[in-house]
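The primary structure of each chain is shown beneath.
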Amino acid sequence: MSIEIPVRTLNDGTTLPTVGFGTYPLTGRHGVEAIGNAIAAGYRLLDSAVNYENEGTLGEAVRACGVDRDQLRITSKLPGRHHDFDEAMLTVQESLYRAGLDYYDLYLIHWPLPKQGKYVAAWKALVAAQRDGLIRSIGVCNFLPEHLERIVDETGVTPSVNQIELHPYFPQAGQRAVDAGLGIVTESWSPLGRANALLSDPTIAALAREHGRTIAQVILRWHVQLGAVPLPKSSDPQRQRENLALFDFELTDEDMAAISALGRPDGRTTGQDPAVYEEF
Ligand code: A2P
């Protein structure tokens, strides 16, 4: 049986489920199967990217799943090598062809690459692709406050979403406050810290015992109560369902504070600081 997930309304009036499914690194036949299982479990927000090389996998799972297209929210992301306006426009079209879709629900700039200095051109392309009907909602990933300020200043268009690294070891209170102040929904990548030490953290383990939940569920519920949209990845059908069963328990304010207090300055999983990180 699939689980009903509450939705959030974005600043452009469209809706987004409060939990989505991360598809990295699911590819090929195995990926189609895993994404199909996720949709059957109840996931409706599906997160892919050009650089995950799995837009075709996602499109295949969507065609096979039997769920109406308008019930799904499908995301892809523009890579750093295509930030020039014309290339970005072509990349959106190629993303659609690869997935076999008429439109993406959400298309995001994957990284700002501030040293390249082209993210404003990339943003203008997403604005144009949205105007042309190729994308319903547009947003960014890994944008720091100064990057957000610049694209809003130069285009007058505020992103609907900023997808950032977010988990209890890297809770990003400042960035989340900036996003919220601009009416931007924060999505969390690596919401479970890529299954590192976080999944055996003693503080979270104690809370999980108290609530009769798994550690992963407590972490994901923390994201939801922060107002962030976590995108957990799992190729295991049972863990996929576990990661959606978040809406029949609640963390107290003290629980929330105890989890947020686990944050560390060096808490990133792989050291990808958007101020300097470059991925093409
Ligand atoms: P698997 O795909 O075998 O389930 P993140 O979403 O933070 O990137 O973390 C993904 C990692 O966490 C994957 O290795 C995934 O493994 C694992 N994972 C996902 N859900 C759970 C869960 N409920 N319990 C334990 N590990 C999980």
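For the structure itself, consult the block above.
Calculation criteria
Residues numbered from 1 in each chain as written. Predicted model: local features only at pLDDT ≥ 70, side-chain atom pairs only at ≥ 80, totals over all residues. Heavy atoms only, no water. Phe/Tyr/Trp six-rings, centres within 6.5 Å; stacked < 30°, edge-to-face > 60°. Buried < 20%, exposed > 50% of the residue type's maximum accessible area, 1.4 Å probe, protein only. Helix = DSSP H or I, 4+ residues; strand = E, 2+ residues; numbered from the N terminus. Near = heavy atom within 4 Å. Polar contact = N/O pair within 3.5 Å; in protein donor to acceptor, adjacent residues only side chain to side chain. Areas by Shrake-Rupley, 256 points an atom, 1.4 Å probe, with all protein chains shown as cover. 1 Å grid on protein atoms, 1.4 Å probe; cavity = no way out; pocket = protein on both sides within 12 Å on 5 of 7 lines; lining within 4 Å. Sits in = over half its atoms within 2 Å of the grid points. Nonpolar A, V, L, I, M, F, W, Y, C, P; charged D, E, K, R; others polar. Pairing = 2+ DSSP bridges. Right-handed = clockwise from strand over helix to strand, strands pointing away.

Colleague: Give a detailed account of the packing of aromatic side chains, specifying residues and quantitative values.
Modeller: Where two aromatic rings form a pair, the distance of their centres and the angle of their planes describe that pair. Using the criterion set out here, one finds 6 aromatic pairs in the structure. Summarising the aromatic geometry, the rings of Y104 and Y107 are spaced 5.6 Å apart at their centres and angled 70° between planes, so their arrangement reads as edge-to-face. For the pair Y104 and Y107, a shared accessibility class is recorded, and that class is buried. When the centroid spacing of 6.1 Å and the interplanar angle of 70° are considered together, the rings of W111 and W189 count as edge-to-face. A residue pair is termed long-range when its members are at least 10 positions apart, and W111 in the loop between strand 6 (104-109) and helix 4 (119-131) and W189 in strand 9 (residues 185-189) qualify at 78 residues.

Colleague: I'd like a rundown of the site of the ligand, residues and numbers included.
Modeller: The ligand sits among 15 residues. The nearest are L192, K233, S234, S235 and R239. One of the backbone nitrogen or oxygen atoms of P191 is found 3.4 Å away from an oxygen atom of the ligand. In this structure, L192 approaches the ligand through a main-chain N or O atom, which is 2.8 Å from an oxygen atom. Alone, the ligand offers 570 Å² of accessible surface; in the complex the protein occludes 78% of this. A majority-of-atoms criterion places the ligand in the largest pocket. Partitioning the shell around the ligand into residue classes produces 6 nonpolar, 5 polar and 4 charged.

Colleague: Break down the pairing of strand 7 (residues 135-141) for me, citing the residues and quoting the values.
Modeller: Extensive coverage of strand 7 is indicated by the burial of 6 of its 7 residues. Where strand 6 lies against strand 7, 5 bridges are found, and the strand directions are parallel. From the neighbouring strand, L106 faces strand 7, where its bridge partner is S137. Between the parallel pair strand 6 and strand 7, the chain is carried across by helix 4, and the sense of this crossover is right-handed. Bridge count for strand 7 against strand 8 (residues 161-165) is 2 bridges, and the pairing is parallel. Directly across from C141, in strand 8, lies its bridge partner Q163. With helix 5 (residues 145-155) bridging strand 7 and the parallel strand 8, this β-α-β connection has right-handed handedness.

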